[in-house]
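For reference, the chains in residue letters:
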Amino acid sequence: MISANLSAIFYLVSGILFILALRGLSSPDTSRKGNYFGIVGMIIAIIVTFLSIGNFSTSIIYVIMFLVIGGAIGALIAFKIPMTAMPELVAGFHSLVGLAAVFVAIAAFLNPEAFNLGNAGAIKLASLIEMSIGAAIGAITFSGSIIAFLKLRGIMSGSPITFSGQHFLNLTLGIGIFVLIFYLCKTQSANIFWTVVIISFLVGVLLIIPIGGADMPVVISMLNSYSGWAAAGIGFTLENTALIITGALVGSSGAILSYIMCKAMNRSFFSVILGGFGADNSTDDKKEKKDQKPVKSGNAEDAAFLMKNASSVIIVPGYGMAVAQAQHALREMVDKLKKNDIKVTYAIHPVAGRMPGHMNVLLAEANVPYDEVFELEDINNDFANSDVAFVIGANDVTNPVAKTDPKSPIFGMPVLDVEKCKSVLFVKRSLSPGYAGIDNELFYRDNTLMLFADAKKMTEDIVKNLD
Amino acid sequence: MEIDPFIFRLSIFILSIFIGYYVVWSVTPSLHTPLMSVTNAISSVIIVGAIIAALAGSSESVFDISNIFGFAAIVLAAINIFGGFLVTQRMLQMYKKKKNKKK
């Protein structure tokens, strides 16, 4: 058994190692080392916890057993999961953190002696507040992440679910939680504690169902943030520095990512939360489409010809590319182009995937070197000096309307200046609008050649024609 | 007058938010997905609380109700720790630099 002071120092060390883990992510070179720091930090925290309890009764066997079971499941998932499914995986993991926080809070409420929080029925006031806040945020994280998971997985429709009085209901429940916590502190009643947990589960569901598929990158980041605050809440209850530091890190990390995502879509955080974006107004669209504007369409041969005669090509990938699993074919195409001394780069919009940085991972998986991949602000000026832009699976993020039409729902959103290229190749199945439900003006430009096909098939055909 | 230990923890918390703010802004956007998976893994340090809850009590009562919640939380957090770190590792292995330009 080690003293409380010594274990506090060790928890501080593991907190610092977690900071270094995040710090490592500032560049791919240092990132792997960063991940090891994180692992070491976790091992230290777990060992110190065992040592500080020191009471090795039979239950320790069960603890280790459950640790191994969970670890095995986690490892299996980590190795099996395809990179395209990363958003669901992260949402799923968030839900586990949330639920674990709820369970720890419940355990602390039922057996406060074990945590030095006083006696059952007479828990210290501060601890009671901390644990009920931790439990509430944890429960919201859990059920919200489950809904996000179901939506991303496609088990639940991505379209927003709204009903009248929704916001009023959420507000009432939110205030209700605080009122109940107040009474919990007065009465120490277990029933009130359970009610807080149950209402929080409900709030999590209600909070996420009105948010549409297009806003999923924000939702995932937001839930990431919540899981951090939940951990911090529990950290205060347990008086554990490692948990407090980590919770604060994760909470602010998720908040920053949400901010970046909102900015990339030019949406205020508040309007994302209120939801309803991406609701189907496609009925109007279909009527409009009757007066078809002229579109130039081509085939793989035309595309191959255009690119072969270019000196620089910028690839603009979007989520559609990942859905079609076209990234490997794309990489093959780029290899061929590079052999012909054509300069090829990739341009990535912050919301190109379903979660922050998703597209970068998918390209990395297809062996695209990360120094050929550029973020929007770094590459946007290059479009004007490039010959061909190859848009594959992206749509709204290239729509020039965002710059020109103040009435458009995406007006003000930063977009890739694809139209400034000499010619634009646009791989798409049809002229259907993207997530935002609006027509892309780019389809009808003179310098745009539409390639109507499945992204993977079209890319493979282009590869053949490049020989 | 003595300062409540809560104030110290609050100070750590608030300073950590600031550290998090500056550290996360310096994360390159291309690593935002690994950032999320690794934050997932580290926030599972909540397993510390789960272990305390699971080991509480005497050896006759290994499966008290509060112990059971502790055990369940251990499984959940362990899934996250192993899954989170390993999937992050898997992603980071894929990030490669350009090979020597041309032969």
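Up top is the structure.
Student: I tried to follow the overall build of chain B on my own but got confused; where do I start?
Tutor: Scanning chain B for helices and strands turns up four helices and zero strands. Going from the N terminus to the C terminus, chain B shows its helices and strands as α-α-α-α. Each principal axis of the C-alpha distribution contributes one length, and for chain B these read about 70 × 45 × 15 Å. Counting only residues that meet the buried cut, chain B has 57% of its 103 residues in that class. In chain B, the share of contacts with a sequence separation of at least 24, taken over all contacts with a separation of at least 6, comes to 63%.

Student: Can you walk me through the interface of chain B and chain A in this structure?
Tutor: Accessible area lost when the parts come together is the quantity often used to give the size of an interface. At the junction of the two partners, chain B supplies 78 residues and chain A supplies 106 residues. Around 8500 Å² of area is buried between chain B and chain A when both sides are counted, 77% of it from carbon and sulfur atoms. Considering only the surface of chain B that becomes buried against chain A, B:Met36, B:Ile46 and B:Leu55 emerge as the three largest contributors, covering 9% of it. As a salt-bridge pair, A:Asp29 and B:Lys97 come within 3.7 Å of each other at their nearest N and O atoms. Taken together, the connections running from chain B to chain A amount to 18 residue pairs in polar contact (both at pLDDT 80 or more). Breaking the side of chain B that touches chain A down by element, the ones donating at least two residues are α1 (5–25), α2 (32–43), α3 (47–55) and α4 (65–94) of chain B. Among the elements that take part in the side of chain B that touches chain A, α4(B) stands out by supplying 26 residues, more than any other.

Student: Help me understand the packing of α2(B) against α4(B) in this model?
Tutor: Residues and elements named next belong to chain B. Orientation of α2 relative to α4, taken along the N-to-C sense of each, is 155°, at an axis distance of 7 Å. The angle between the axes of α2 and α4 places the two elements in the roughly antiparallel class. In the crossing of α2 with α4, the sense of the turn from one axis to the other is left-handed. Contacts between α2 and α4 involve Thr33, Pro34, Ser37, Val38, Asn40, Ala41 and Ile42 on the former and, on the latter, Asn80, Ile81, Gly84, Phe85, Val87, Thr88, Met91 and Leu92. Split by residue class, the contact of α2 with α4 holds nine nonpolar, six polar and no charged.

Student: Looking at this structure, how should I read the pairing of strand β6 (residues 388–392) of chain A?
Tutor: As a general feature of sheets, a regular strand has side chains that alternate between the two faces. All names here are of chain A. Burial within β6 is extensive, with five of its five residues counted as buried. The sheet contact formed by β6 and strand β7 (residues 423–428) spans five bridges and is parallel. Looking at β7, one finds that Val391 is bridged to Phe426.

Student: Help me out: how do you make sense of α4(B) in this one?
Tutor: Quick reminder: α-helices carry 3.6 residues per turn. Residues three or four places apart thus point the same way. With 30 residues, α4(B) should cover 44 Å at 1.5 Å per step; its first-to-last C-alpha distance of 44 Å lies within 8% of that length. Within α4(B), 23 of the 30 residues are buried, leaving the element largely enclosed by the surrounding structure.

What counts, and at which threshold
The residue numbers shown here count from 1 along each chain, following its written sequence. Note on labels: chains are lettered from A, ligands numbered from 1, in written order. Where local features are concerned, this predicted model is filtered to residues with pLDDT of at least 70; where side-chain atom pairs are given and counted, the filter is 80 or more; whole-chain, interface and lining totals use all residues. Hydrogens and water molecules were not included; the side-chain quantities draw on all heavy atoms of the structure. Helix and strand assignments follow DSSP, with helices taken as H or I runs no shorter than four residues and strands as E runs no shorter than two, numbered in order from the N terminus. Remark: exposure states derive from per-residue accessible area (1.4 Å probe, protein chains only) relative to the maximum for the residue type, with buried under 20%, exposed over 50%, and partly exposed in between. Residues count as neighbours in contact if any of their non-hydrogen atoms are within 4.5 Å of one another. Here the quantity called buried area is the accessible surface, traced with a 1.4 Å probe, that two parts lose on coming together, added over both. The term salt bridge refers to a side-chain nitrogen of Lys or Arg lying within 4 Å of a carboxyl oxygen of Asp or Glu. Distance and chemistry together define a polar contact, namely a pair of N or O atoms within 3.5 Å, with one atom able to donate a hydrogen and the other to accept it when in protein, and with adjacent residues in sequence counting only for side-chain atoms on both sides. To get an axis, a line is fitted to the C-alpha atoms, and for a helix only the part in contact is used. The angle between two axes follows their N-to-C directions and goes from 0 to 180 degrees. Angle categories: roughly parallel below 35 degrees, roughly antiparallel above 145, roughly perpendicular from 65 to 115, and oblique for all the rest. Crossing chirality is assigned from the near helix's rotation relative to the far helix, an anticlockwise turn below a right angle marking it left-handed and a clockwise turn marking it right-handed. Each residue is assigned to one class: nonpolar for Ala, Val, Leu, Ile, Met, Phe, Trp, Tyr, Cys and Pro, charged for Asp, Glu, Lys and Arg, and polar for all the others, Gly among them. Strands qualify as paired when DSSP identifies two bridges or more between them. The span you would expect from a helix comes to 1.5 Å times its residue count less one.

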